[in-house]
Amino acid sequence: MATATQAVPLTEHVSKYVAKTRQMLINGKWVDAASGKTFPTYNPATGDVLANVAEGDKEDINRAVTAARHAFDNGPWRKLSPGERARMIWKLADLVEKHAEEFAQLESLDNGKPLTIARVADLPGTIEMFRYMAGWATKIEGNTIPLVLQGGGKFLAYTLREPVGVVGQIIPWNFPLLMAAWKLAPALATGCCVVLKPAEQTPLTALLLGELVQEAGIPDGVVNIVPGYGETAGAALAAHDKVDKVAFTGSTEVGKLILKAAAGNLKKVSLELGGKSPNLVFNDADIDATIPGAAMAIFFNHGQCCCAGSRLYVEDKQFDKVVDGVSQLASKIRIGNGLDPSTDMGPLVSEEQLNRVCGYLESGYHEGAKAAVGGKRHGAKGYFVEPTVLVNTNEKMKVVREEIFGPVVTATPFKNIDDLVAKANDTEYGLAAGVWTKDIAKAHHVASMLRAGSVWINCYNVFDPALPFGGYKQSGWGREMGHEVLELYTEVKSVCTPIA
Ligand code: NAI
Ligand code: MG
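The following refers to the structure shown.

Rules and cut-offs
- Residues numbered from 1 in each chain as written.
- Chains lettered and ligands numbered in written order.
- Predicted model: local features only at pLDDT ≥ 70, side-chain atom pairs only at ≥ 80, totals over all residues.
- Heavy atoms only, no water.
- 1 Å grid on protein atoms, 1.4 Å probe; cavity = no way out; pocket = protein on both sides within 12 Å on 5 of 7 lines; lining within 4 Å.
- Points joined across faces, edges and corners; volume = space filled by probe spheres on them.
- Helix = DSSP H or I, 4+ residues; strand = E, 2+ residues; numbered from the N terminus.
- Nonpolar A, V, L, I, M, F, W, Y, C, P; charged D, E, K, R; others polar.
- Near = heavy atom within 4 Å.
- Polar contact = N/O pair within 3.5 Å; in protein donor to acceptor, adjacent residues only side chain to side chain.
- Areas by Shrake-Rupley, 256 points an atom, 1.4 Å probe, with all protein chains shown as cover.
- Sits in = over half its atoms within 2 Å of the grid points.

**Concerning the layout of surface pockets**
Okay, so step 1: The computed volume of the largest pocket comes to approximately 1,000 Å³.
Okay, so step 2: Together, 38 residues line the largest pocket, and Phe-248, Gly-250, Ser-251, Glu-253 and Val-254 are the ones closest to its centre.
Okay, so step 3: Sorting the residues of the lining of the largest pocket by element identifies α8 (230–239), β10 (245–249), α9 (252–262) and α12 (351–366) as the ones contributing at least two each.
Okay, so step 4: With 7 residues, the top contributor of residues to the lining of the largest pocket is α9.
Okay, so step 5: For the lining of the largest pocket, a count of residues per class yields 17 nonpolar, 11 polar and 10 charged.
Okay, so step 6: In this structure, the second largest pocket occupies an estimated 440 Å³ of space.
Okay, so step 7: Along its surface, the second largest pocket is lined by 22 residues, and Ala-121, Gly-125, Leu-178, Trp-182 and Phe-463 are the ones closest to its centre.
Okay, so step 8: Per-element accounting of the lining of the second largest pocket gives the leading share, 5 residues, to helix α5 (residues 115–137).

Written out as structure tokens, the structure is:
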């Protein structure tokens, strides 16, 4: 695992952006926290403070919700035609595209991910999410309904699909800008107003996006962005009784807290939570394609993906070959500062995540697992962890059962398909799964048996704004993206009247 060293120079805009204390966006104005407090965000490649950011808490959330409420109940937003909304969302996409390099650099600095990856994954995903949802703004329809009971009279009955209202959105740090887009784009398309709370580890790109929201002409108060900690700002947003819906992406543990907080006013809740996704390799798979696929399934974004293929199950005849192949690829991954164009893998996002992932490695060794490659922290500065393949694992181990959220995959052999499907589904999660085989019937049979919201056959981590994404079981409630997401951001109203 070589260490990369050369860094791409920052654009002038990015250098200036991080040099200034960043404020929060409330009602179309950039303001300090009511308390005057700020908090630091760190560069995880060095552990140094990257920028200081206004620290929102309950009072700021209150101000932002009041602004969003006003924008929804009385502002110009609701009076705009769907076409006008669509054009604003499309313009926002164009503006993000225009500033793509700045976003990619900021994301790399704040999150640690390679700039090269931010450019080809996070940014196109963000831009296309806005464009895809801009298209939906003009296509949100109800139905006409023939009534069954009203035999004598004639009724005209129809449904309207209306915006759910003020939405609180709480997002994580693994894809900071992309997660902001997954949340904001459908809310704007459906005509909702938003209070967005970015993760405290990575607030910068969401705040820069806020500037472009204004430039796109989206009215004041429609999008409010309040950076701050989860226990204060996040909790206040989830509990706020003037919020109609909360959309959350993050840990299953906090997802449950959000649910409890939402109970006060029974706001609608959608959750995109953790995973421990099985990646299943059969003897008849195209092994040359499977090996890089299985490596990417876990090592992409340093394993900090809710859908990471973190449990690799390989049919017995191919087990050694696949483990060796994935391990060899892991050993060639260049670890380094995300701004170095030769870096394949940057640091984990924070010291907390470094300790969490290293803690899991220790627990794995304690329970008898062995590292076929990697297996420890990389270097002494920054939050780097070696890409790791754990063998000698069994389903009782914590490393097999719990979400590690780092570049660590467990590899386990299997003998027959029934045993495999039972093992694959033996988890409290149900976010994603991979199936690698040339046998088409087997692939679709296994896909049908897996209790997971996404199944990738002979591929992994394929995302598209048109493809719904979300979890079974404790991986969440609801589906983001695709037309399914419209259901999360709308209410259905039935209207009927006698017409004869
Ligand atoms: P987290 O769930 O605590 O944080 C995610 C978001 O929730 C952040 O914006 C945070 O400020 C907010 N938050 C935290 N506590 C809150 C509360 N009580 N009320 C309202 N909002 C709150 O995740 P964390 O601590 O950063 O990471 C811990 C683990 O969570 C990771 O190791 C990973 O297993 C999982 N995770 C899963 C993600 C996913 O994409 N599904 C993303 C991030 C973390
Ligand atoms: Mg947390």
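**What about the site of ligand 1?**
Okay, so step 1: Around ligand 1 sit 26 residues in total, of which Ile-171, Trp-173, Glu-200, Ser-251 and Glu-403 are the nearest.
Okay, so step 2: Measuring from an oxygen atom of ligand 1, one finds a side-chain N or O atom of Asn-174 at 3.3 Å.
Okay, so step 3: Side-chain polar atom of Arg-356 to an oxygen atom of ligand 1: 3.4 Å apart, as the coordinates give it.
Okay, so step 4: Relative to its unbound accessible surface of 810 Å², ligand 1 loses 92% to contact with the protein.
Okay, so step 5: More than half of the atoms of ligand 1 fall within 2 Å of the grid points belonging to the largest pocket.
Okay, so step 6: Listed by contribution, the elements that provide at least two residues to the shell around ligand 1 are α8, β10, α9 and α12.
Okay, so step 7: Tallied by class, the residues present in the shell around ligand 1 amount to 13 nonpolar, 8 polar and 5 charged.

Nothing here speaks to function; it is geometry throughout.
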